[in-house]
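Coordinate analysis (summary)
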Amino acid sequence: MFEPSSKKIMLSVLVVCFAIQTGLVYSDDVDIVLSADAVEGRELYHDGSCQVCHQLWGQGGFLGPDLTNASSRVDETRLASLLTVGSGQMPAFDYDADQIRFMRAFLEEIDRPDVGRGQLRLGDPATAVTPQGAFDATVREKVSPVALGGFETFASGVCSACHFPFQTSVVGAPDLSTVSERLDDSVLHEVLTNGRPERGMPPPVPALSAAQQDQLIEYFRWLNDNRADLMSDWELRQGDRRVDWSRLDWWEFR
Ligand code: HEC
Ligand code: HEC
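What comes next is a walk through the structure. It should be emphasised that the depicted structure is a prediction, and the values quoted were computed from it without experimental measurement.

1. Observations concerning the overall build of the protein chain
From N to C terminus, the protein chain includes twelve helices and two strands. In the protein chain, the succession of α and β elements from N to C terminus is α-α-β-β-α-α-α-α-α-α-α-α-α-α. Out of the 254 residues belonging to the protein chain, those deemed buried represent 37%. In the protein chain, the proportion of contacts linking residues at least 24 apart, taken out of those at least 6 apart, comes to 62%. Only carbon and sulfur atoms are counted for the fraction: they give 57% of the accessible area of the protein chain, which is about 14,800 Å².

2. A word on the pattern of salt bridges
As a working rule, side chains carrying opposite charge can pair if their charged atoms are close by. Evaluation of the coordinates by the stated rule reveals nine salt bridges. Taking the shortest distance from any N to any O, the salt bridge between E152 and R140 comes out at 3.7 Å. Highlighted residues: E152 in helix α7 (residues 145-156) and R140 in helix α6 (residues 131-142), separated in sequence by twelve residues. Looking at R140, the relative accessible area reads 41%, which means it is partly exposed. Note that K142 and D229 form a salt bridge whose closest N and O atoms lie 3.7 Å from each other. Of the two residues, K142 is situated in helix α6 and D229 in helix α12 (residues 227-238); the sequence distance between them amounts to 87 residues. Classification of K142 by relative accessible area gives partly exposed; the value is 29%.

3. Structural notes on the coordination of the iron atom of ligand 2
For the iron atom of ligand 2, the full set of protein donor atoms is H163 (NE2) and M201 (SD), at a range of 2.0 Å. Considering all six donor atoms around the iron atom of ligand 2, angles at the metal cover 87 to 179° and the coordination shape is octahedral. A residue pair is termed long-range when its members are at least 10 positions apart, and H163 in the loop between α8 (159-162) and α9 (179-182) and M201 in the loop between α10 (185-194) and α11 (210-225) qualify at 38 residues. What makes M201 partly exposed here is its relative accessible area of 23%.

4. Notes on the site of ligand 2
Taken together, 21 residues sit near ligand 2, with C159, C162, H163, R196 and M201 positioned nearest. Contact between ligand 2 and R182: an oxygen atom at 2.6 Å from a side-chain N or O atom of the residue. A distance of 2.5 Å is found between an oxygen atom of ligand 2 and a side-chain nitrogen or oxygen belonging to R196. Among the secondary structure elements, those contributing two or more residues to the shell around ligand 2 are α8, α9 and α10. Broken down by element, the residue count for the shell around ligand 2 peaks at three residues, all from α10. Of the residues assigned to the shell around ligand 2, the class counts are 15 nonpolar, three polar and three charged.

5. A short note on the coordination of the iron atom of ligand 1
Around the iron atom of ligand 1, the protein contributes the donor atoms H54 (NE2) and M90 (SD), at 2.0 Å from the metal centre. Geometry at the iron atom of ligand 1 is octahedral, judged from the six donor atoms that bind it and their angles of 87 to 179° at the metal. Of this pair, H54 sits in the loop between α2 (36-47) and β1 (55-56) while M90 sits in the loop between α4 (76-84) and α5 (97-110); the two residues are 36 residues apart in sequence, bridging distant segments of the chain. Residue classification places H54 among the buried residues on the basis of a relative accessible area of 9%.

6. Topic: the packing of α6 against α12
Across the interface, α6 lies against α12 with an axial gap of 9 Å and an inter-helix angle of 130°. One finds that α6 runs oblique with respect to α12. Viewed along their axes, α6 and α12 form a crossing whose handedness is right-handed. Residues P131, A134, F135, A137, T138, E141 and K142 of α6 touch α12, and the partners they reach there are D229, L230, D233, W234, R237 and Q238. Residues that form the contact of α6 with α12 fall into these classes: six nonpolar, two polar and five charged.

Conventions used here
- Residues numbered from 1 in each chain as written.
- Chains lettered and ligands numbered in written order.
- Predicted model: local features only at pLDDT ≥ 70, side-chain atom pairs only at ≥ 80, totals over all residues.
- Heavy atoms only, no water.
- Helix = DSSP H or I, 4+ residues; strand = E, 2+ residues; numbered from the N terminus.
- Buried < 20%, exposed > 50% of the residue type's maximum accessible area, 1.4 Å probe, protein only.
- Contact = heavy atoms within 4.5 Å.
- Areas by Shrake-Rupley, 256 points an atom, 1.4 Å probe, with all protein chains shown as cover.
- Salt bridge = Lys/Arg side-chain N within 4 Å of Asp/Glu carboxyl O.
- Donors = N, O, S within 2.8 Å, 3.2 Å for Na, K, Ca; no water.
- Tetrahedral: all angles 85-135°; square planar, octahedral: opposite > 155°, others 65-115°.
- Near = heavy atom within 4 Å.
- Polar contact = N/O pair within 3.5 Å; in protein donor to acceptor, adjacent residues only side chain to side chain.
- Nonpolar A, V, L, I, M, F, W, Y, C, P; charged D, E, K, R; others polar.
- Axes fitted to C-alpha atoms, helices over the stretch in contact; angles between N-to-C directions.
- Parallel < 35°, antiparallel > 145°, perpendicular 65-115°, else oblique.
- Left-handed = near helix turned anticlockwise from the far one by under 90°.

Here is the structure:
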């Protein structure tokens, strides 16, 4: 039904959406610091094997309700009753008043509807912590007047969904800060007009005017001339807030 090249494009687009969503979710700030009471509650949560029946942040069993937002639903009296005499298939735990208080603190502090939502943080140097955000902030600060138009086109188009700063992206879109060394202007015009559908780059939509193409080429040249400088500024901006994909967060089971 579909041409192989359009299948490839669709696949690339899906991979890109997945990568962006994953990036947004994992770059969220989830370093919640628990109070001393809540840390006690967390101990109790593990000791009582609550996770066998309940979920927190998507992890755990399914017999009981998800407890991520339980503190907004379950009032003090009901919690006390659940943790002492139990209810239905929820076993009795015979907690004393302190233990109930600790569990309450734990459930309250992990109930964070503000955490875990994807957010785009683009353009603002103060919040630019994603690689793309840090890159945009760096460019905006330093860009020359001739290259500005090209940058705007690049940033407002979907180019940055596939082309990442200073690296080849997962879909094989190359680093464009070195493209002016590789390709001469006529080839660049060709790519910017027709894309390279057979290799994963669709023709730009909406089509780029000749003037926009010239501006993009100016921008690529400016990137190349200032590459080392931009790269170090870009790395600085990300600082130690770079996504550490291997780190397990605190709510994971021990
Ligand atoms: C054997 C499975 C099981 C274990 C273990 C268990 N629960 Fe439950 N829990 C349930 C079930 C089932 C319910 C629903 C009971 C009901 O609605 O009558 C429930 C309900 C709850 C609720 C009320 C949730 C709501 O939204 O109404 C809380 C809070 C709760 N459990 C906390 C805990 C804590 C804390 C622990 C560990 C100390 C724990 N549970 C251990 C099965 C379990
Ligand atoms: C769906 C992903 C995707 C999008 C969107 C995309 N590209 Fe590409 N682009 C690629 C891929 C993949 C290649 C590598 C093709 C190849 O290997 O020849 C590429 C190659 C290029 C090249 C040639 C680079 C080289 O070194 O050969 C240029 C220039 C380019 N893209 C510019 C752009 C611009 C400007 C935009 C936005 C208008 C854009 N691209 C949007 C995926 C994309």
